[in-house]
Amino acid sequence: MLKCASFFAGVGGIDIGFEKAKLFDVVYANEIDPYPVKTYELNSKIKVDCRDIHEVKCDEIPDFDVMLAGFPCQAFSVAGYRKGFDDEKGRGTLFFELVRIIKAKKPQIVFLENVKNLVGHDNGNTFSVIIDELQKENYHVKYAVLNAMEYGNIPQNRERIYIVAFKDVEKYKNFEFPLPVPLKKKLSDIIDFDSLLDEKYYYTDGKYKGDIYDKLVEAMDDENAIYQWRRKYVRKNKSGVVPTLTANQGEGGHNVCLIKTKHGIRKMTPHECFNTQGFPKKFKLPTDMSDARLYKQAGNSVCVSVIERIAEKVAEAYLNN
């Protein structure tokens, strides 16, 4: 088994994907936000190190073979302000904390995930710095932008960049990203269109200010589609999949995903959002946490099934040497 250490671990989506590939065992996880940590620990034997990564000394981390990190992407994302390394909250520079740990621990493999915008940010300079830093530490790097609906058999339009770096050049040569797979999973496989759910998820006449409800009723004419309220109008997602889940999904705003059911118009539930990220059906959510926090955790997470397919390819490259 290859030991993995996970950084910016969130609720553990990357970790689950790698452990599903059988060769990998997560021995350490770090995440600063106590809310996703609670969700992580509900589903794992790991006791998460809930500290700011700046405070984590390298000798406090157990030795590991594989670094896993979905480092914070707000600084690079379309939804954020694209400030990258200049982000005033310091989120862009957190990548260099990973470099500090890589230099000390020298893992055989580094796996990074981020928004696809990372590639073009600052005319490609940000991405060049990241690749250069890995190459300076003698890693051989491959990367690809993959969409969940094309590579994860998940009906969500979610493009992300995945970076895989190997110390061993032969293993690097052996590695190829997975090929696309047909999208067989339907919206009805991840969303419960039939059951009557808690009334808090439904939009009803007079529940919200203004004419939101009237506009929803008028626009939402298809029970097999996902809609979004875009502040002043209703948008139908015509591709027949869930649009990219975001961290502010479910908090009102303009990103909430809506469906039409026989019981009325409602938001997708937090569980349905985790389903949309390819989490196992048995994945548990804390019952004493607000939906807003759970929506945020789902939106900040990764598509587990895409990660699993990449992890299988990493395992194949490693074992075929």
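Quantities reported herein were computed from a predicted structural model and do not represent experimental measurements. (Residues numbered from 1 in each chain as written. Predicted model: local features only at pLDDT ≥ 70, side-chain atom pairs only at ≥ 80, totals over all residues. Heavy atoms only, no water.)

Visitor: Report on the overall build of the chain, specifying residues and quantitative values.
Guide: Tallying secondary structure elements over the chain gives 11 helices and 10 strands in all. On C-alpha atoms alone, the chain measures out to a radius of gyration of 20 Å, which is about the 20 Å that the 2.2 N^0.38 rule sets for 321 residues. Overall, the chain is about 60 × 40 × 40 Å in size when its C-alpha atoms are taken along their principal axes. Burial statistics for the chain: of 321 residues in total, 53% are counted as buried. For the chain, the accessible surface area stands at approximately 15,100 Å², while carbon and sulfur atoms represent 48% of it. Separation between the mean location of the 48 positive side-chain charges and that of the 46 negative ones in the chain comes to 2 Å. (Helix = DSSP H or I, 4+ residues; strand = E, 2+ residues; numbered from the N terminus. Rg over C-alpha atoms; globule rule 2.2 N^0.38 Å. Buried < 20%, exposed > 50% of the residue type's maximum accessible area, 1.4 Å probe, protein only. Areas by Shrake-Rupley, 256 points an atom, 1.4 Å probe, with all protein chains shown as cover. Lys, Arg positive; Asp, Glu negative; His and termini not counted. Charge placed at Lys NZ, Arg CZ, Asp CG, Glu CD.)

Visitor: Any chance you could break down unusual backbone geometry for me, citing the residues and the numbers?
Guide: Glycine aside, residues mostly have negative phi, and peptide bonds are mostly found in the trans state. Phi at Phe8 takes a positive value of approximately 50°, unusual for a residue other than glycine. Along the chain, Phe8 falls in the loop between strand S1 (2-7) and helix H1 (13-20). On the accessibility criterion, Phe8 (17% relative accessible area) is buried. Despite not being glycine, Asn138 has its phi angle at roughly 65°, a positive value. Note that Asn138 resides in the loop between helix H4 (125-136) and strand S5 (140-147). Using a relative accessible area of 54% as the deciding quantity, one classes Asn138 as exposed.

Visitor: Please provide a residue-by-residue account of the sheet that holds strand S9 (residues 257-261), values included.
Guide: Across the sheet, four strands lie side by side as S8-S7-S9-S10; this open sheet has antiparallel pairing. Looking at strand neighbours, the two that pair on one side only are strand S8 (234-237) and strand S10 (264-267), the edges of this open sheet. Going from strand to strand, the sheet's axes swing by 35° on average, the running direction of each strand aside. Bridge count for S9 against S10 is four bridges, and the pairing is antiparallel. Note that in S10 the partner of Ile259 across the bridge is Arg266. Where helix H8 (residues 212-219) meets the sheet, it contacts strand S7 (226-229), S8, S9 and S10, and its direction lies at approximately 155° from that of S7. (Pairing = 2+ DSSP bridges. Axes fitted to C-alpha atoms, helices over the stretch in contact; angles between N-to-C directions. Contact = heavy atoms within 4.5 Å.)

Visitor: Please provide a residue-by-residue account of the side chain of Asn275, values included.
Guide: Structurally, Asn275 is set in helix H9 (residues 270-276). Residue Asn275 is classed as buried on the basis of its relative accessible area, which comes to 14%. For Asn275, the contacting residues outside a window of four places in its chain are Ile154, Ile190 and Lys281.

Visitor: An account of the environment of Lys167 is needed here, citing residue identities and associated values.
Guide: Here Lys167 shows up in the loop between strand S6 (159-166) and helix H6 (169-174). The exposure class assigned to Lys167 is partly exposed, which follows from its relative accessible area of 31%. It is 8.7 Å that separates the C-alpha atoms of Lys167 and Val110, two residues lying 57 residues apart in sequence. Discounting chain neighbours no more than four positions away, the residues touching Lys167 are Lys106, Pro107, Gln108, Glu137, Asn138, Tyr139 and His140. Within the local environment of Lys167, its side chain forms a polar contact with the backbone oxygen of Glu137, the two atoms lying 2.6 Å apart. (Polar contact = N/O pair within 3.5 Å; in protein donor to acceptor, adjacent residues only side chain to side chain.)

Visitor: Quick rundown of the packing of aromatic side chains? Include the residues and the values.
Guide: Going through the model one piece at a time under the given rule, you end up with 14 aromatic pairs. Pairing Phe18 with Phe111 gives two aromatic rings, centres 5.1 Å apart and planes at 65°, and the pair type is edge-to-face. Within this pair, whereas Phe18 is found in helix H1, its partner Phe111 is found in strand S4 (residues 109-115), the two being separated by 93 residues in sequence. Residue Phe111 is classed as buried on the basis of its relative accessible area of 0%. (Phe/Tyr/Trp six-rings, centres within 6.5 Å; stacked < 30°, edge-to-face > 60°.)

Visitor: Describe the packing of helix H3 (residues 95-105) against H4, listing the residues and the values that go with them.
Guide: A pair of packed helices can be characterised by two numbers: the angle between their axes and the separation between those axes. Two elements in contact, H3 and H4, have axes separated by 11 Å at closest approach and are oriented at 5°. With respect to H4, the element H3 is oriented roughly parallel. Two secondary-structure elements touch here, H3 through Phe95, Phe96, Val99 and Ile102 and H4 through Val129, Ile130, Glu133 and Leu134. Split into classes, the residues belonging to the contact of H3 with H4 amount to seven nonpolar, no polar and one charged. (Parallel < 35°, antiparallel > 145°, perpendicular 65-115°, else oblique. Nonpolar A, V, L, I, M, F, W, Y, C, P; charged D, E, K, R; others polar.)

Visitor: Go over the packing of H1 against helix H11 (residues 304-319), please, and point to the residues and values.
Guide: Between H1 and H11, the shortest axis-to-axis distance is 7 Å and the interhelical angle comes to 45°. Classed by the angle they form, the pair H1 and H11 counts as oblique. Seen along the crossing, H1 lies across H11 with a hand that is right-handed. Between H1, through Gly13, Ile14, Ile16, Gly17, Phe18 and Lys20, and H11, the contact on the second element is made entirely by Val304, Ile307, Glu308 and Ala311. Classifying every residue of the contact of H1 with H11 gives six nonpolar, two polar and two charged. (Left-handed = near helix turned anticlockwise from the far one by under 90°.)

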